[in-house]
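Inside the fold
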Amino acid sequence: MRFASLGSGSRGNSLIVDAGDTKLLLDCGFSARSVLGRLARLAILPEEISGILVTHEHRDHIAGIFRFSARYGIPVYLTHGTHVAASQGAPAECRLIDAHAKFSVGSVEVSPFPVPHDAREPVQFVISDGLSRLGVLTDCGVITAHVTLVLAGCQALVLECNHDPGLLAASDYPAPLKRRIAGDFGHLSNAQAASLLQQIDTSMLRHIVAAHLSEQNNRPDLARRALAQAINCEEDWIGVASQEEGTGWREV
Ligand SMILES: [Zn+2]
Ligand SMILES: [Zn+2]
């Protein structure tokens, strides 16, 4: 199994997981046209994609999703709450998922798990090909006991490092927006992501990618340093998904 970010940040998020015969997109927060270009960079055709998993209805996760899905006949997997909030009038084929129940798409097992975030029924995902597990966690206000339980022992993690609290406090964002981002239904700071790593078994971890970095309220070097200190590794071992480029492929 391998994975790559198509781009990550407040202007759009999407990740692709490739288990050979099954390829899944996780979120699609770019225009359908932009997704095509980003997939081409990774040498993937849209016709190869078996399904699109959706975390929640915020625009940076669903912008092009229904158009892209309808154009290529790709089913969209989402919770009832996300469906109600996101897909009115959408022609796409939607499959409702239970936020606590595993399901399979082709050869891949998908385990959704609920997270605290200011959306209707947000989830994040652990994806497994039976050999390795990739855990993805973005758009989460606070680390819960359930989050630490499901992300323990993964071989790869894509982990939100949204902001540095000092940069956020000093930024010119309006006060209510600062409170929302830093609140329990907002986004993880570098320190919160680091504390997650300290709470879970990371002995099997072969890849970690910091994601959903704020372009104004964070810097890649700050995210890298926080995560590297938490697991006592070299800073350049920590990957960072950028808004424009995402990441290259990583073999799990
Ligand atoms: Zn987001
Ligand atoms: Zn969100």
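Structure first, text after, so check above.
Residues numbered from 1 in each chain as written. Chains lettered and ligands numbered in written order. Predicted model: local features only at pLDDT ≥ 70, side-chain atom pairs only at ≥ 80, totals over all residues. Heavy atoms only, no water.

Moving on to the environment of Ile52. Position of Ile52 among the secondary structure elements: in strand β4 (residues 51-53). Measuring from C-alpha to C-alpha, the distance between Ile52 and Gly64 comes to 11 Å, with twelve residues separating the pair along the chain. Apart from residues no more than four positions distant in its own chain, Ile52 is found in contact with Leu25, Asp27, Ile65, Phe68, Ser69, Ile74, Pro75, Val76 and Tyr77. (Helix = DSSP H or I, 4+ residues; strand = E, 2+ residues; numbered from the N terminus. Contact = heavy atoms within 4.5 Å.)

Below, the discussion takes up the coordination of the zinc ion (ligand 2). When four donors bind a metal tetrahedrally, each ideal donor-metal-donor angle is 109.5 degrees, and when six bind octahedrally, the ideal angles are 90 or 180 degrees. Of the protein atoms, only His56 (NE2), His58 (ND1), His117 (NE2) and Asp139 (OD) coordinate the zinc ion (ligand 2), at distances of 2.1 to 2.5 Å. All donors to the zinc ion (ligand 2) come from one chain, and their sequence spacing reads H-x1-H-x58-H-x21-D. Here the zinc ion (ligand 1) and the zinc ion (ligand 2) are spaced 3.6 Å from one another, each receiving a donor from Asp139. Taken together, the residues span a long stretch of sequence, with His58 in the loop between β4 and α2 (59-62) and Asp139 in the loop between β10 (133-137) and α5 (145-151) at a distance of 81 residues. (Donors = N, O, S within 2.8 Å, 3.2 Å for Na, K, Ca; no water.)

Our focus in this paragraph is the layout of surface pockets. Estimated volume of the largest pocket: approximately 230 Å³. Ser10, Asn162, Tyr173, Ile181 and His187 are the residues nearest the centre of the largest pocket, which is lined by 16 residues in total. The residue makeup of the lining of the largest pocket, split by class, is three nonpolar, eight polar and five charged. As a volume, the second largest pocket reaches approximately 170 Å³. When contributions to the lining of the second largest pocket are tallied by element, the ones reaching two or more residues are β8 (108-114), β9 (123-128) and α5. Of all the elements, β8 adds the most residues to the lining of the second largest pocket, at four residues. (1 Å grid on protein atoms, 1.4 Å probe; cavity = no way out; pocket = protein on both sides within 12 Å on 5 of 7 lines; lining within 4 Å. Points joined across faces, edges and corners; volume = space filled by probe spheres on them. Nonpolar A, V, L, I, M, F, W, Y, C, P; charged D, E, K, R; others polar.)

Turning our eyes to something else, we now look at the nonpolar core. Counting residues in each nonpolar core, the largest one holds 30 residues, and the members touching the most others are Leu137, Leu151 and Leu227. Only α5, β11 (156-160), α8 (190-199), β12 (207-211) and α9 (220-231) provide two or more residues apiece to this core. If one sorts the elements of this core by residue count, α9 sits on top with five residues. Excluding residues within four positions of it along the chain, Leu151 makes contact with Phe113, Val126, Gly135, Val136, Leu137, Leu157, Leu196 and Ile200. In terms of nonpolar packing, the next biggest core, distinct from the first, is built from 26 residues, Val17, Ile97, Ile127 and Val158 among them. (Core = buried A, V, L, I, M, F, W, Y, C linked by side-chain atoms within 4.5 Å. Buried < 20%, exposed > 50% of the residue type's maximum accessible area, 1.4 Å probe, protein only.)

Enumeration over the complete set of coordinates arrives at ten salt bridges. Asp18 is the salt-bridge partner of Lys23, the closest N and O atoms lying 3.3 Å from each other. Residue classification places Lys23 among the buried positions, given a relative accessible area of 9%. The closest approach of N and O atoms between Arg180 and Asp118, which form a salt bridge, is 2.5 Å. (Salt bridge = Lys/Arg side-chain N within 4 Å of Asp/Glu carboxyl O.)

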